[in-house]
Amino acid sequence: MTIENQPHEYHSNNVLGVLLGTLVGGLVGAVTMLLLAPQSGKDTRIQIQKKGIELRDRTTELMDDAMAQVRLDRNKFTMDGRRKAKESFHQGQELVIDQL
C-alpha cells in the first residue's frame, strides 16, 4: 500500500512546487519591472499596489485549483480503498464458506 501512495504524494508535492515557483517568479518579475521602469514614485507605488492585488487574486485562484485537485485525488483514493476493502471482505467470506 505504501508503493501505491507514492505517486500521489509526488503529485501533491509537484503541484505545490509549481504553485510556489509561480508565486516567486511573479513576485520577482513584478519587482524587477517596477524598479526598472522610468516613472514617479507615486505612480510606482500605485502600480505596486495594483500588481500586488493582481498577484494575490491569481495566487488565490491557483490555490483553489490545487485544493480542488487534491480533493478529487483524495476522493478517488477513498473510493478505491472502499472497493478494495469490499473485495477483500467478499474473498474472506468465500474462504470461510470453502473451509466450512
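Structural notes, computed from the coordinates. (Residues numbered from 1 in each chain as written. Predicted model: local features only at pLDDT ≥ 70, side-chain atom pairs only at ≥ 80, totals over all residues. Heavy atoms only, no water.)

### With respect to the overall build of the protein chain
- Assigned secondary structure in the protein chain consists of two helices and zero strands.
- Counting the 100 residues in the protein chain, one finds 8% classified as buried.
- Only carbon and sulfur atoms are counted for the fraction: they give 62% of the accessible area of the protein chain, which is about 8,400 Å². (Helix = DSSP H or I, 4+ residues; strand = E, 2+ residues; numbered from the N terminus. Buried < 20%, exposed > 50% of the residue type's maximum accessible area, 1.4 Å probe, protein only. Areas by Shrake-Rupley, 256 points an atom, 1.4 Å probe, with all protein chains shown as cover.)

### So, the packing of aromatic side chains
- Tallying each qualifying case throughout the model produces zero aromatic pairs.
- Looking at Lys76, its charged tip hangs above the ring of Phe77, at a distance of 5.7 Å from the centre. (Phe/Tyr/Trp six-rings, centres within 6.5 Å; stacked < 30°, edge-to-face > 60°. Lys NZ or Arg CZ within 6 Å of the ring centre and 35° of its normal.)

### Remarks on the pattern of salt bridges
- Applying the stated rule across the entire model yields two salt bridges.
- Notably, a salt bridge pairs Asp57 with Arg56, separated by 3.3 Å at the nearest N-O pair.
- The class of Asp57 is partly exposed, set by a relative accessible area of 41%.
- Among the salt bridges present, the one from Arg83 reaches Glu87, with a minimum N-O distance of 3.0 Å. Placement of both Arg83 and Glu87 in helix 2 (residues 41–99) is noted, with a separation of four residues, approximately one turn of the helix. (Salt bridge = Lys/Arg side-chain N within 4 Å of Asp/Glu carboxyl O.)

### Examining a nonpolar patch on the surface
- A cluster of nonpolar side chains, Leu20, Val24 and Val28, forms an exposed patch at the surface whose accessible area comes to about 270 Å².
- With respect to the element layout, Val24 can be found in helix 1 (residues 2–36). (Patch = residues over 30% accessible without salt bridge, like charges linked within 9 Å, V, L, I, M, F, W, Y side chains within 5 Å.)

### Considering helix 2
- Taking 1.5 Å as the rise per residue, helix 2 with 59 residues should run 87 Å; its terminal C-alpha atoms sit 85 Å apart, in good agreement.
- Looking only at helix 2, the buried set comprises Thr44, Leu55, Ala66 and Asp73. (Expected span 1.5 Å × (residues − 1).)

### Concerning the environment of Met67
- Residue position: Met67 is located in helix 2.
- You can call Met67 partly exposed: its relative accessible area is 38%.
- Taking C-alpha positions, Met67 is 9.7 Å from Val15, a pair spaced 52 residues apart along the chain.

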